[in-house]
Amino acid sequence: MKVKALYGGSIKPFSHTTALRYRLHHKAGILGVVNDLNGLIQNPVRLAQLNNVCALYDLKTVKSTALTYNSGYLAGLFDSDGSVYYNVASIQVFITVSQKGRYLLDLLQSIYGGKVYPTNASKTAYK
């Protein structure tokens, strides 16, 4: 609702589920979102998508700002892909973020420390 209030658009439920869909169709709102996100995207897949949108609207893609220890990026990533585990046997707490690729996790490791490892033998996902 906050994003809708800022950029416009519509929020409608998916059929047969409790999930909602946000859609934005008007150019002014789309340009507002693109301009506000430009320079903040770290995920290479999302950056490629942003490049396509910028090309469509004849905008220049801004180089992503470097992450710092106090960047809010980890909070958003943890909110979507993070977990907290407690191992009773070892009396340890594990704070993890899972991704299909290593790129973002290696970036976070360089700032916060920790260890990046594959979650399975085929190395199709990492924590």
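One structure accompanies this document, and this report is about it. (Residues numbered from 1 in each chain as written. Predicted model: local features only at pLDDT ≥ 70, side-chain atom pairs only at ≥ 80, totals over all residues. Heavy atoms only, no water.)

**Let's talk about the pattern of salt bridges**
And then number 1: Taken as a whole and judged by the stated rule, the model has 1 salt bridge.
And then number 2: Notably, a salt bridge pairs Asp 106 with Arg 102, separated by 3.0 Å at the nearest N-O pair.
And then number 3: Classification of Asp 106 by relative accessible area gives partly exposed; the value is 30%. (Salt bridge = Lys/Arg side-chain N within 4 Å of Asp/Glu carboxyl O. Buried < 20%, exposed > 50% of the residue type's maximum accessible area, 1.4 Å probe, protein only.)

**What to know about the side chain of Asn 43**
And then number 1: Turning to its location among the elements, Asn 43 is positioned in the loop between α2 (27–37) and α3 (44–56).
And then number 2: Note on Asn 43: relative accessible area 19%, which makes it buried.
And then number 3: Within the structure, the side chain of Asn 43 is placed 2.9 Å from the backbone nitrogen of Val 45, a separation counted as a polar contact.
And then number 4: Filtering out sequence-adjacent residues up to four positions away, Asn 43 remains in contact with Tyr 73, Gln 99 and Leu 104. (Helix = DSSP H or I, 4+ residues; strand = E, 2+ residues; numbered from the N terminus. Polar contact = N/O pair within 3.5 Å; in protein donor to acceptor, adjacent residues only side chain to side chain. Contact = heavy atoms within 4.5 Å.)

**Digging into the pairing of strand β2 (residues 20–23)**
And then number 1: In the sheet, strand β1 (residues 10–13) pairs with β2 via 4 bridges, with the strands oriented antiparallel. Residue Pro 13 lies in a different strand from β2, and its bridge partner there is Leu 20.
And then number 2: Count of turn residues in the β1/β2 antiparallel hairpin: 6 residues, of which His 16 carries a positive phi of about 65°. (Pairing = 2+ DSSP bridges.)

On their own, these measurements won't tell you what the molecule is for.
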